[in-house]
Structure formats: C-alpha cells, structure tokens
Amino acid sequence: MNDTNAVTPRRKIILSGIQPTGTFTLGNYLGAVKNWRRLQEEYDCYYFVADLHALTVYHDPAARRKASREAFALLLACGLDPDESLVFIQSHVPAHAQMGWMLSCLSPFGDLSRMTQFKDKSAKHPEDINAGLFTYPALMAGDILLYQADYVPVGADQTQHLEFTRNVAARFNHVYGETFRLPEGYFPKAGARVMSLQEPTAKMSKSDENAKATIYILDDEKTILKKFKSAVTDSEAEVAFREGKDGINNLMTIYAAITGKSMEEITAEFAGRGYGDFKTAVGTVVAEELRPIRENYARLMEDKAYLDAEIAKGAERATHIAEKTLRKTMRRMGLA
C-alpha cells in the first residue's frame, strides 16, 4: 500500500553566476558551464549573469547591455534549460543590491581587505580602486544567501569568497537569529582547469592580449584548429602527462574533459605519433563540441522575442524567490 503522506525529499539548490565580460572561453565552458548543464538533472539550479559585479570595471554602457544579453543567450546555448533551471540577469532582481548592502554592514573591514582578488585587481588597476571592488564580496554573499543555496561550484581561486559568505551568514544567524543556510562548495569531478595555449602555466583568460592563447566558445572550426596547431608544447614529441610538460598536459586535460578518456588511454592512443597529430585531434574534438553551441547561440540571438520573454521570465521567478529571504532578513534586522 502506498503512503500518500510520504514527503518528497527537497532537492538541493546549486547557485552560480558568471560575469558578462566577453564571450565565454573554453576554460569557462569546461571548468564550469558544461557541468552546470549536467547538474540540472540532480539539483535545483539557479544561474545568473552577474552584471552588477561587472560594474567594478568601466565598460561602455551600450556594450555592457549588449554583453549581458549575449551572456544570457550563451547560457541557454550551452544547454541550460530555462524550464528546468532558473536563469536570470542579476540586476533585474533588486533584492541583490539590497541584500548586498545589508550584509556589507556585517562584513568586517579586515576581512574585506584580506581578499586576494581585491589585492590582485588593485595592483592591476591602481588608477581605479573603487569601493565596489572592495565591498563586492558582501554582494556575492547576498547573491548566494538570497536563494538559500546548499552548494556553490567553486574553483581554487574562489574558495576564499565562499568562506567569507559562510562567515557572514554565521555572524548574521548569531546576531539576529537563524536565517541563512550555510552554503558548501561544490567541486565537480569532471571539471577541467584549462590553461593558456601560448603560456600554459597561466589560466586561459578572456583578457589575454595574445589572440592565439584563448579559445572562445563561438570561434569557428577553422579558427579553433589554427589556434591549437600553434599551441606551445615541448621538444620531447611524446604525448604523456607529467611534470615539466605544461603545454601537453594542458592539451591532454582538454582532450580528456571532452572525450572522457583517461590520461593513460590518451597516451596509448597517440603513442608513436607526433604532436601535430595530437594537436589536430584536440582541435577537432573541441570544434565538434562547440559547434552546436555556436549554432544555438546564433538562433537565439535571431529570435529577439523569445530571448526577451525568457529574460523577463527569469527575472520574475528569481524575484519571487529572493524577496522571501529579503523580507525575512529585513524583519530580523529591524527594518520596517
């Protein structure tokens, strides 16, 4: 006999955002976005375009609006289903800015000043060390806590921000009463840390001045193959994953992330073959992996009405969820 009173277990919530600062790279895709698509099957997934965070660096306003729209379309093109996942643009949900301010009032100056990203960006742009750059970890904490996220996908360079969020949440809960769920890091097994094709000791970056160093997910097949053929390797001519072979290690990591093959299988596959064959093989599987994304993106950008409708739908759904936590937080803090 079926138990009609049985309660369906709550699905865990995963939340992540990506800044609209240019076309996603292969590193963004393999390290994060590809895994986001898979997570839809197991978790309630909330993904957003972090355009408020992008304000810490000046961009032309028209270009910024265009970039946010393109980033939203890219998320859908990469396989995020807006009927399965919540996909939205951060600034379309005012609760983010409100929560960010309230949490900044519980963020110790010392903690903010120790954030590695603030130090790094301040060193790179000493002419524009703005208050937003200093306090944006509080906004990031608000992004996460508004949705009572269980997990946040994090890379090695983001664990400090997650720890900051947990500390702020714990401090709030202690001072004002139990309000926030403390999020944990989600470390995807299939993620890949993709390095520059020209300087394989550095992470692949959107801002790399060397055009040959970065694969963008909207690059066409010819461009992708050309970039891989010019990738930096070494003089050994042996496809093997080991210390001192940064260029080959990077190419093997990319090949493994797409094909699912182990490093041993890749080594065996290319035994006795030159680097030219290997580079072509990597470029070919990457081009084939990215082809449907390129096609989906072009279709989405052509359908303005559909894209506008999905952006509006995402904002409405996100606002409904975020407002619940915001109102509770305001009451706890004594705001009328």
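Residues numbered from 1 in each chain as written. Predicted model: local features only at pLDDT ≥ 70, side-chain atom pairs only at ≥ 80, totals over all residues. Heavy atoms only, no water.

With respect to the overall build of the protein chain
Part 1 of the argument: On a plain count of helices and strands, the protein chain comes out with 12 helices and five strands.
Part 2 of the argument: The C-alpha atoms of the protein chain give a radius of gyration of 22 Å, which matches the 20 Å a tight globule of 336 residues would have.
Part 3 of the argument: With respect to the principal axes defined by its C-alpha atoms, the protein chain has extents near 70 × 65 × 40 Å.
Part 4 of the argument: Burial analysis of the protein chain (336 residues in total) assigns 45% to the buried set. (Helix = DSSP H or I, 4+ residues; strand = E, 2+ residues; numbered from the N terminus. Rg over C-alpha atoms; globule rule 2.2 N^0.38 Å. Buried < 20%, exposed > 50% of the residue type's maximum accessible area, 1.4 Å probe, protein only.)

With respect to helix α2 (residues 61–77)
Part 1 of the argument: The first and last C-alpha atoms of α2 sit 24 Å apart over 17 residues, in line with the 24 Å expected at 1.5 Å per residue.
Part 2 of the argument: Immediately beyond the C-terminal end of α2, within one or two residues, lies G79, with a positive phi of roughly 115°. (Expected span 1.5 Å × (residues − 1).)

Describing the packing of helix α3 (residues 95–104) against helix α6 (residues 131–146)
Part 1 of the argument: For the pair α3 and α6, interaxial distance at closest approach is 8 Å and the crossing angle is 120°. Comparing their axes, α6 and α3 come out oblique. Crossing hand, α3 versus α6: right-handed. Residue-level inspection shows A95, H96, A97, M99, G100, L103 and S104 of α3 in contact with α6, the latter providing A138, L139, A141, G142, D143, L145 and L146.
Part 2 of the argument: Of the residues contributing to the contact of α3 with α6, the split by class is nine nonpolar, four polar and one charged. (Axes fitted to C-alpha atoms, helices over the stretch in contact; angles between N-to-C directions. Parallel < 35°, antiparallel > 145°, perpendicular 65-115°, else oblique. Left-handed = near helix turned anticlockwise from the far one by under 90°. Contact = heavy atoms within 4.5 Å. Nonpolar A, V, L, I, M, F, W, Y, C, P; charged D, E, K, R; others polar.)

Points about the pairing of strand β1 (residues 13–18)
Part 1 of the argument: Within β1, five of the six residues are buried, leaving the element largely enclosed by the surrounding structure.
Part 2 of the argument: Inspection of the sheet shows β1 paired to strand β2 (residues 44–49) by six bridges, in the parallel sense. Looking at the pairing, G17 lines up with F48 of β2.
Part 3 of the argument: Assessed by its sense of winding, the connection that carries the chain from β1 through helix α1 (residues 26–39) to β2 is right-handed. (Pairing = 2+ DSSP bridges. Right-handed = clockwise from strand over helix to strand, strands pointing away.)

Here's the deal with helix α11 (residues 275–302)
Part 1 of the argument: Here α11 contains 28 residues, and its C-alpha end-to-end distance of 40 Å stays within 8% of the 40 Å for a straight helix at 1.5 Å per residue.
Part 2 of the argument: The largest bend in α11 comes to about 35°, at L290, with the proline P292 one to four residues further on. (Bend = angle between axes of the 7 residues up to and from the residue.)

Some thoughts on the side chain of D143
Part 1 of the argument: Within the secondary structure, D143 sits in helix α6.
Part 2 of the argument: Residue classification places D143 among the buried residues on the basis of a relative accessible area of 2%.
Part 3 of the argument: A distance of 2.7 Å separates polar atoms of two side chains, one belonging to D143 and the other to H53.
Part 4 of the argument: Sequence-distant contacts of D143, defined by excluding residues within four places in its chain, comprise L15, F48, H53, Q90 and H96. (Polar contact = N/O pair within 3.5 Å; in protein donor to acceptor, adjacent residues only side chain to side chain.)

Some points on the packing of aromatic side chains
Part 1 of the argument: Taken as a whole and assessed by the stated rule, the structure comprises 14 aromatic pairs.
Part 2 of the argument: Seen from their ring centres, F109 and F134 are 4.9 Å apart, and the 45° between their planes marks the pair as tilted. Of the two residues, F109 sits in helix α4 (residues 109–113) while F134 sits in helix α6, which places them 25 residues apart along the sequence.
Part 3 of the argument: For F109, a relative accessible area of 60% gives the class exposed.
Part 4 of the argument: Residue classification places F134 among the buried positions, given a relative accessible area of 14%. (Phe/Tyr/Trp six-rings, centres within 6.5 Å; stacked < 30°, edge-to-face > 60°.)

Things to note about the confidence of the model for the protein chain
Part 1 of the argument: With 96% of its residues at a pLDDT of 70 or more, the protein chain shows a mean pLDDT of 91.
Part 2 of the argument: Considering each helix and strand of the protein chain separately, the mean pLDDT is smallest for helix α5 (residues 116–124), with a value of 78, and largest for strand β3 (residues 86–89), with 98. (pLDDT = per-residue confidence, 0-100.)

Considering unusual backbone geometry
Part 1 of the argument: Look at Q148: it is not a glycine, yet its phi comes out positive at around 50°.
Part 2 of the argument: With respect to the helices and strands, Q148 occurs in the loop between α6 and β4 (151–153).
Part 3 of the argument: Judged by its relative accessible area of 16%, Q148 is buried.
Part 4 of the argument: In this structure, A237 is a non-glycine residue whose phi angle is positive, near 60°.
Part 5 of the argument: The topology assignment puts A237 in the loop between α8 (221–229) and α9 (246–259).

Description of the pattern of salt bridges
If the charged atoms of two oppositely charged side chains come close together, the side chains can form a pair.
Part 1 of the argument: Evaluation of the coordinates by the stated rule reveals 21 salt bridges.
Part 2 of the argument: D44 is the partner of R11 in a salt bridge, and the nearest nitrogen-oxygen pair spans 3.3 Å. One end of the pair, R11, is in the segment before β1; the other, D44, is in strand β2, with 33 residues separating them in the sequence.
Part 3 of the argument: Residue R11 is classed as partly exposed on the basis of its relative accessible area, which comes to 32%.
Part 4 of the argument: On the basis of relative accessibility, which here comes to 28%, the residue D44 falls in the partly exposed class. (Salt bridge = Lys/Arg side-chain N within 4 Å of Asp/Glu carboxyl O.)

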